[in-house]
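# Observations on chain architecture
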Amino acid sequence: MASWLPETLFETVGQGPAPSKDYYQLLVTRSQVIFRWWKISLRSEYRSTKPGEAKEIHEDFLENLHLQSQTALIFGTRILNYVINLCKGKFDFLERLSDNLLLNIISYLDLEDIARLSQTSHRFAKLCMSDKLWEQIVQSTCDTITPDVRALAEDTGWRQLFFTNKLQLQRQLRKRKQKYGNLREKQP
């Protein structure tokens, strides 16, 4: 099942804890964990220091407590736990789905479920607030969308349009027509 996974499973970069300015990269591939570092210093003794790299196969990373502690120190325990799970073959397949596919799936959820899902992660919060999702929801709940309504939605946002009651929507459409009607009259 993991054969369709990309070669790079996870990648992050970071800076060492203060006062360090050292730069680090953590890369997890299908078979290895690669930990890279670049020494950044104004001190003359470190100017000629070359970048370093530690490569471990997944099984060896699980036993390398020093590399694990370095990972936790630089990137945090949450990232370390995620990398350990990747090394153990515990993949988050939902996280690997494309945004378009996830938006399509989310559009079938109830509003309460969308609100709950938006609280689970930054990615889902962004997806659940996206105009693309709310455009799909509005299109699935409305019989027709007039060009005026579409233009209003593009100005105010599809989510805002969805939660606007009919009376407010009519008022906004009237104001928009007046505004753009007045602009057209002023043009030569």
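Quick note: structure is the one above.
Residues numbered from 1 in each chain as written. Predicted model: local features only at pLDDT ≥ 70, side-chain atom pairs only at ≥ 80, totals over all residues. Heavy atoms only, no water.

### Describing the overall build of the protein
Along the backbone of the protein there are 10 helices and 4 strands. Scaling as 2.2 N^0.38, a compact globule of 188 residues should have a C-alpha radius of gyration of about 16 Å, whereas the protein reaches 25 Å, well beyond that. The principal-axis extent of the C-alpha atoms belonging to the protein is close to 70 × 45 × 25 Å. When contacts within the protein are restricted to residue pairs at least 6 apart in sequence, those whose partners lie at least 24 apart make up 42%. Carbon and sulfur atoms provide 52% of the accessible area of the protein, an area that totals close to 13,000 Å². For the protein, the separation between the mean place of its 27 positive charges and that of its 22 negative charges on side chains is 8 Å. (Helix = DSSP H or I, 4+ residues; strand = E, 2+ residues; numbered from the N terminus. Rg over C-alpha atoms; globule rule 2.2 N^0.38 Å. Contact = heavy atoms within 4.5 Å. Areas by Shrake-Rupley, 256 points an atom, 1.4 Å probe, with all protein chains shown as cover. Lys, Arg positive; Asp, Glu negative; His and termini not counted. Charge placed at Lys NZ, Arg CZ, Asp CG, Glu CD.)

### A word on the pattern of salt bridges
Tallied over the full model, the rule gives 6 salt bridges. Across the salt bridge formed by R36 and E53, the nearest N and O atoms sit 2.5 Å from each other. Here R36, found in strand β3 (residues 32-38), pairs with E53, found in strand β4 (residues 52-57); they are 17 residues apart in sequence, far enough to count as distant. With a closest N to O distance of 3.1 Å, R116 and D113 form a salt bridge. (Salt bridge = Lys/Arg side-chain N within 4 Å of Asp/Glu carboxyl O.)

### Concerning the state of the cysteines
Scanning the entire structure with this criterion turns up 0 disulfides. Looking at C128, it has no disulfide partner, and the nearest cysteine sulfur is the one in C142, 19 Å off. The exposure class assigned to C128 is buried, which follows from its relative accessible area of 2%. Look at C142 and you get partly exposed, because its relative accessible area is 36%. (Disulfide = S-S within 2.5 Å. Buried < 20%, exposed > 50% of the residue type's maximum accessible area, 1.4 Å probe, protein only.)

### Overview of unusual backbone geometry
Between A18 and the following residue, P19, the backbone shows a cis peptide bond with an omega angle of 5 degrees. Inspection of the secondary structure assignment puts P19 in the loop between β1 (8-15) and β2 (23-29).

### Side note on helix α6 (residues 122-129)
Restricting attention to buried positions, one finds in α6 the residues F124, L127 and C128. The buried residues of α6 occupy one face: seen down the axis, they fall within an arc of 95 degrees. Among the exposed residues of α6, those oriented more than 90 degrees off its buried face are H122 and K126. (Arc of directions from axis to C-beta.)

### Some words on the sheet that holds β3
The strand order β1-β2-β3-β4 describes an open sheet built from 4 strands, whose pairing is antiparallel. Looking along the sheet, the strands with just one partner apiece sit at the ends: β1 and β4. Along the sheet, successive strands turn relative to each other by an average axial angle of 10 degrees, direction set aside. Contacting β1, β2 and β3, helix α3 (residues 77-87) crosses the sheet at an angle of about 155 degrees to β1. (Pairing = 2+ DSSP bridges. Axes fitted to C-alpha atoms, helices over the stretch in contact; angles between N-to-C directions.)

All we've got here are geometric facts, nothing functional implied.
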